[in-house]
Amino acid sequence: MKRALTIAALVMLGLGVRVAESHGSAGTSLASVHRDGSSAPRAPRHVTHPKATITAPRAVGSERPSIRMAITVDDLPGGGPEVGGYTHARIVREIIATLQAHHVKHAVGFVVGSMLEGQPERRAALDAWVQAGYEVGNHTFSHDKIEELGLDGYMKDILANRELVDELAKRVGQHREFFRFPYLEEGRTEHERKTLARFLAAQHYTVARVSVCFNDTDWADPYLRCLQKGDDSALQTLRQSYLDNAMAYLKWSVVAAREVFGHSIPQVLLVHPNVPAAQNLDALLTAYEQAGVRFVSLEEALTEPAYTASYDMNGDNLFERASRRLGRPHPPELVEPAALLDLVCR
Ligand SMILES: [Zn+2]
């Protein structure tokens, strides 16, 4: 996406006001992040505006502000090049250490079997994940798209990943089987969507939809470039933009839930095992906690009907599909700092 950042500024300005005006507990807590912001990462530059000063949180009695959030990690054990000593096993171990430091009892990692092909040492990442007691789900064997495999091929690709995922799940002792669509693409047509939904139900899979996807993979290549160059200043800029972006997307999802569903929902966060996550997840979870986030299991989050309803619509994310089905608009889309990501450390 190459849209101008000024669009984001406008979007976020409106969003900030809406958050401040909300009466619910989540809005209150987000507002408090803007207000005190002392140890939290600074509010994104494109979010902050002199006229967007957030009003004092409205009292919600003695109720502690809370946004429930389940954490999920896609594309385990991880793919792509390994730079600066960051093996995939190291990245996953650092993510695990961060989750444990934040007392995150439940997290689900979605496994792509093909990422082990020719890379047996990556198995250590999966072993570490399940040894830590975190759950796993099926993310297809190849991570290819439906249009590349065809519908039958896609279903075979899901089954091809079963042996590996089932063995890992058994070691964790989990009783639910989760599936996540690569690219969060549930099917391009009504026929594809319905066929896959039936197939997954017959396979006893619970589809794990996502509410907070902040395009974290777009930071991976810039991070590797800057690591290779040893450009610490650029890495610091990337870190701040990663955190700003992740916070903005949480705020967006909190507001979008109210606008589309009419109520708050538990959020489901998606991150990937890459260098930006290894380096920033600790700060990100701290920022989320300061915004009132409380970590819950995916199983608990998915009890919210928004995650299991049939929207049967095309769309990039849960809110977009639900918005079309329910006829209730979501907030304008956010944009990421494309120029920074494209140009840094070239
Ligand atoms: Zn994926």
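Right above here is the structure, for reference.
In what follows, the accompanying structure is described. (Residues numbered from 1 in each chain as written. Predicted model: local features only at pLDDT ≥ 70, side-chain atom pairs only at ≥ 80, totals over all residues. Heavy atoms only, no water.)

### Re the overall build of the chain
Thought 1: Helix and strand counts for the chain stand at 13 helices and eight strands.
Thought 2: The buried share of the chain, taken over its 346 residues, is 54%.
Thought 3: Taking all contacts inside the chain whose residues are at least 6 apart in sequence as the whole, residues at least 24 apart take part in 83%.
Thought 4: Working note: accessible area of the chain is about 15,000 Å², and carbon and sulfur atoms make up 52% of it. (Helix = DSSP H or I, 4+ residues; strand = E, 2+ residues; numbered from the N terminus. Buried < 20%, exposed > 50% of the residue type's maximum accessible area, 1.4 Å probe, protein only. Contact = heavy atoms within 4.5 Å. Areas by Shrake-Rupley, 256 points an atom, 1.4 Å probe, with all protein chains shown as cover.)

### Focus on the packing of aromatic side chains
Thought 1: In the structure shown here, the tally under the stated rule is nine aromatic pairs.
Thought 2: Seen in terms of ring centroids, Trp 219 and Tyr 242 are 6.1 Å apart; in terms of plane orientation they differ by 85°. Their pairing is edge-to-face. Taken as a pair, Trp 219 in the loop between β6 (212-213) and α8 (220-229) and Tyr 242 in helix α9 (residues 232-261) lie far apart in primary sequence, 23 residues in all. Just as Trp 219 is buried, Tyr 242 falls in that class too.
Thought 3: On the basis of an interplanar angle of 40° and a centroid distance of 6.4 Å, the ring pair of Phe 261 and Tyr 311 is categorised as tilted. Of the two residues, Phe 261 sits in helix α9 while Tyr 311 sits in the loop between α11 (298-301) and α12 (318-326), which places them 50 residues apart along the sequence. This pair shows no difference in class: Phe 261 is buried, exactly as Tyr 311 is. (Phe/Tyr/Trp six-rings, centres within 6.5 Å; stacked < 30°, edge-to-face > 60°.)

### Examining α12
Residues spaced three or four apart along an α-helix point in a common direction, a consequence of the helix completing one turn every 3.6 residues.
Thought 1: For α12, the full list of buried residues reads Leu 318, Phe 319, Glu 320, Arg 321, Ala 322 and Ser 323.
Thought 2: Residue Gly 327 follows α12 closely and has a positive phi angle near 70°.

### Focus: the coordination of the zinc ion
Thought 1: Summarising the metal site, the zinc ion is bound by the protein donors Asp 75 (OD), His 139 (NE2) and His 143 (NE2), whose distances to it range over 2.0 to 2.1 Å.
Thought 2: Sequence spacing of the donor residues for the zinc ion, all on one chain, is D-x63-H-x3-H. A residue pair is termed long-range when its members are at least 10 positions apart, and Asp 75 in strand β1 (residues 67-76) and His 143 in the loop between β3 (135-138) and α5 (146-160) qualify at 68 residues. Each member of the pair, Asp 75 as well as His 143, is classed as buried. (Donors = N, O, S within 2.8 Å, 3.2 Å for Na, K, Ca; no water.)

### Looking at the environment of Arg 122
Thought 1: Following the sequence through the fold, Arg 122 ends up in the loop between β2 (107-111) and α4 (123-131).
Thought 2: Between the C-alpha atom of Arg 122 and that of Gly 78, which follows or precedes it by 44 residues, the distance is 7.8 Å.
Thought 3: Arg 122 has contacts with Pro 77, Gly 78, Gly 79, Gly 80, Glu 82, His 88, Met 115 and Leu 116, leaving out every residue within four places of it along the chain.
Thought 4: Engagement of the side chain of Arg 122 in a polar contact is seen with the backbone oxygen of Gly 78, the distance being 3.1 Å. (Polar contact = N/O pair within 3.5 Å; in protein donor to acceptor, adjacent residues only side chain to side chain.)

### What about the state of the cysteines?
Thought 1: Summed over the entire model, instances satisfying the criterion amount to one disulfide.
Thought 2: Sulfur-sulfur distance for the disulfide between Cys 226 and Cys 345 comes to 2.0 Å. Its torsion about the S-S bond being 110°, the disulfide of Cys 226 and Cys 345 is classed as right-handed. In this pair, Cys 226 sits in helix α8 while Cys 345 sits in the segment after α13 (338-343), placing the two residues 119 residues apart along the sequence.
Thought 3: Exposure remark for Cys 226: the relative accessible area of 0% places this residue in the buried category. (Disulfide = S-S within 2.5 Å.)

### As for the environment of Tyr 288
Thought 1: Locating Tyr 288 in the fold gives a position in helix α10 (residues 275-290).
Thought 2: Given a relative accessible area of 0%, Tyr 288 falls into the buried group.
Thought 3: Considering only alpha carbons, one finds Tyr 288 and Ile 67, 221 residues apart in sequence, at a separation of 9.0 Å.
Thought 4: For Tyr 288, the residues in contact, after removing those within four places along its chain, are Met 69, Val 212, Ala 246, Met 247, Leu 250, Leu 269 and Val 293.

These results come straight from atomic positions and should not be treated as a statement about function.
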